[in-house]
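A look at the structure
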Amino acid sequence: MRKRTKIGLGVLGSGMLAASYYFYEMAIATHPKPFLTNNRDLSDEMVRLMQPGQTWIKEQPLEQIEVQARDGLTLRGHYLPPLVPSNRTVILVHGYGGVGTDLAGFAYLYHQAGFHVMMPDNRGHGKSEGHYIGFGWHDREDCLCWTEYLIERLGQDSAIFLHGVSMGGATVLMTSGEVLPAQIKGIISDCAYTSVNAVLAYQMKRMYRLPHFPFLAMTSVLTKLKAGYFFSEASALKQVKRATVPILFLHGGADTFVPTSMVYELYEACPTEKELVVIPNASHAMAYFEDPDTYDTVVERFVRRILTEA
């Protein structure tokens, strides 16, 4: 009887270990992400709606930039100079599985407003080095590396904004809790999650109908061993409580990929000057495309107010 019990526990343990490796390879390792295709929570219209921005960005004089991350990885991104001399800069931070130029539509808006535009590829994405996805945690330090580069290149009088979408939104919120250079004036976060634990637990239930325990805990340990962080560390909610700059929170009212409820938690936790705008009927990362006029107006007003106060 004891022998059968030991065998059963061994099989169970092996199965859970195999499951944690499966979830690590699926979510954290830098492999193609087929589960993003035909996902019921992601709009099929996004690729089509992004096309005008992609056409425009290909016509721009982009410069490929490299910086070294604090752990030695080479990070790469694209820089677009302004139309006229300016001290205003935006760093656009893309989402899970994407690349910097995915945010070409946002780059256009800022470029037309006279901004320098930096579009990094996050570690493990695009042309940047890395074998894992940081979900914003290690990326927060990478964001500061890009900031340091831009200050050195463009001058101490730079006025820098961080604008992220989805995982990029969580990244800029995680960055908000660090000691920031004075040149970072404000943060715009679009459809961010509260924490890696929370969003993966939500997705595990929604996609696989599985309880998050014990699979999420075991995958977190594996991620610490292979990628250097626990899921519990990567919390935008904890970081935003330490924020020192104004933050604009945006979210889609019909977001079921990163549930809309998360933005209210983030907004409530933020101790600085803040603004919350929820775009009705917008699914995940679709707030701009659902209501571009409102989105443009809100972002422009937020940026202008901060620059006026600075």
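Within every chain, residues take consecutive numbers counted from 1 along the sequence as written. Per-residue local features of the predicted model are confined to residues with pLDDT of at least 70, and side-chain atom pairs are confined, for both listing and counting, to 80 or more; whole-chain, interface and lining totals are unaffected and use all residues. By convention in this description, side-chain values take in all heavy atoms of the structure and omit both hydrogens and water.

If you check an unreviewed UniProt entry, the protein chain appears there as Alpha/beta hydrolase from Exiguobacterium antarcticum.

**Quick word on unusual backbone geometry**
A positive phi angle, close to 60°, is found at Ser166, a residue other than glycine. Secondary structure elements are defined from DSSP: runs of H or I of at least 4 residues count as helices, runs of E of at least 2 residues count as strands, and each element is numbered from the N terminus. The residue Ser166 is located in the loop between strand 5 (159-165) and helix 5 (167-176) in this model. Buried, partly exposed and exposed residues are distinguished by accessible area as a fraction of the type maximum, computed with a 1.4 Å probe on protein chains only: under 20%, between the cut-offs, and over 50%, respectively. Look at Ser166 and you get buried, because its relative accessible area is 10%.

**A look at a nonpolar patch on the surface**
Judged by side-chain polarity, Val221, Leu225 and Phe230 come together as a nonpolar surface patch covering roughly 290 Å² of accessible area. One can find Val221 in helix 7 (residues 215-227). Owing to a relative accessible area of 44%, Val221 belongs among the partly exposed residues under this scheme. Patch building starts from residues that exceed 30% relative accessible area and form no salt bridge, then joins like charges within 9 Å and nonpolar side chains (Val, Leu, Ile, Met, Phe, Trp, Tyr) within 5 Å. Method for areas: the Shrake-Rupley scheme with a 1.4 Å probe, in which residue coverage is limited to the protein chains shown. The rule for a salt bridge is simple: a side-chain nitrogen of Lys or Arg has to be within 4 Å of a carboxyl oxygen of Asp or Glu.

**A short note on the packing of helix 2 (residues 46-57) against helix 3 (residues 104-112)**
Only the contacting stretch of a helix is used when fitting its axis, a line to C-alpha atoms as for every element, and angles between N-to-C directions run 0 to 180 degrees. Between helix 2 and helix 3, the least distance of the axes is 7 Å, while the angle of their chain directions is 65°. The two elements helix 2 and helix 3 cross, and the hand of that crossing is left-handed. Of helix 3, the residues touching helix 2 (which contributes Gly53, Gln54, Trp56 and Ile57) are Ala104, Gly105, Ala107, Tyr108 and His111. All amino acids are sorted into three groups, where Ala, Val, Leu, Ile, Met, Phe, Trp, Tyr, Cys and Pro are nonpolar, Asp, Glu, Lys and Arg are charged, and the leftover types, Gly among them, are polar. Tallied by class, the residues present in the contact of helix 2 with helix 3 amount to five nonpolar, four polar and no charged. Here a crossing is taken to be left-handed if its near helix is turned anticlockwise relative to the far helix by less than a right angle, and right-handed if that turn runs clockwise. When checking whether two residues touch, look at their non-hydrogen atoms; a contact exists if any pair is within 4.5 Å.

**What to know about empty space enclosed by the protein**
Points on a 1 Å grid over protein atoms alone make up a cavity when a 1.4 Å probe fits among them but cannot get out, and a pocket when they form an open set with protein on both sides within 12 Å along at least five of seven lines; lining residues each have an atom within 4 Å of a point. Grid points are joined across faces, edges and corners, and a volume is the space filled by probe spheres set on the points. Applying the stated criterion to the full structure yields two cavities of 30 Å³ or more. Approximately 310 Å³ is the volume attributed to the largest cavity. Of the residues forming the lining of the largest cavity, the biggest block, six residues, is contributed by helix 6 (residues 196-208). Of the residues in the lining of the largest cavity, the class split is 18 nonpolar, three polar and no charged. Estimates place the volume of the second largest cavity at around 80 Å³. Lining the second largest cavity, in full, are Leu75, Ile91, Val93, Pro120, Asp121, Asn122, Arg123, Asp139, Asp142, Cys143, Trp146 and Thr171. For the lining of the second largest cavity, the secondary structure elements donating two or more residues are strand 3 (88-93) and helix 4 (137-154). No other element matches the four residues that helix 4 contributes to the lining of the second largest cavity.

**Concerning the environment of Leu103**
Checked against the element boundaries, Leu103 lands in the loop between strand 3 and helix 3. Considering only alpha carbons, one finds Leu103 and Met50, 53 residues apart in sequence, at a separation of 8.3 Å. Those residues in contact with Leu103 that lie beyond four places of it in its chain are Leu92, Val93, His94 and Val165.

**What about the packing of aromatic side chains?**
Only Phe, Tyr and Trp rings are paired, with Trp represented by its six-membered ring, and only when their centres lie within 6.5 Å; those with planes under 30 degrees apart are stacked, over 60 edge-to-face, the remainder tilted. Going through the model one piece at a time under the given rule, you end up with 14 aromatic pairs. Between Tyr22 and Phe23 the ring centres are 5.3 Å apart and the planes differ by 70°, which places this aromatic pair in the edge-to-face class. In this structure Tyr22 comes out as partly exposed when scored by relative accessible area, which is 45%. Ring centres of Phe106 and Tyr295 lie 5.6 Å apart, and the angle between their planes is 55°; this geometry places the pair in the tilted category. Highlighted residues: Phe106 in helix 3 and Tyr295 in helix 11 (residues 292-309), separated in sequence by 189 residues.

**Concerning the layout of surface pockets**
In this structure, the largest pocket encloses a volume near 870 Å³. Every residue lining the largest pocket is counted, 34 residues in all, and those nearest its centre are Met46, Val47, Met50, Asp102 and Ala285. Of all the elements in the fold, those that place two or more residues in the lining of the largest pocket are helix 2, helix 3 and helix 10 (287-290). The element contributing the most residues to the lining of the largest pocket is helix 2, with eight residues. Across the lining of the largest pocket, the residue classes break down as 17 nonpolar, 14 polar and three charged.

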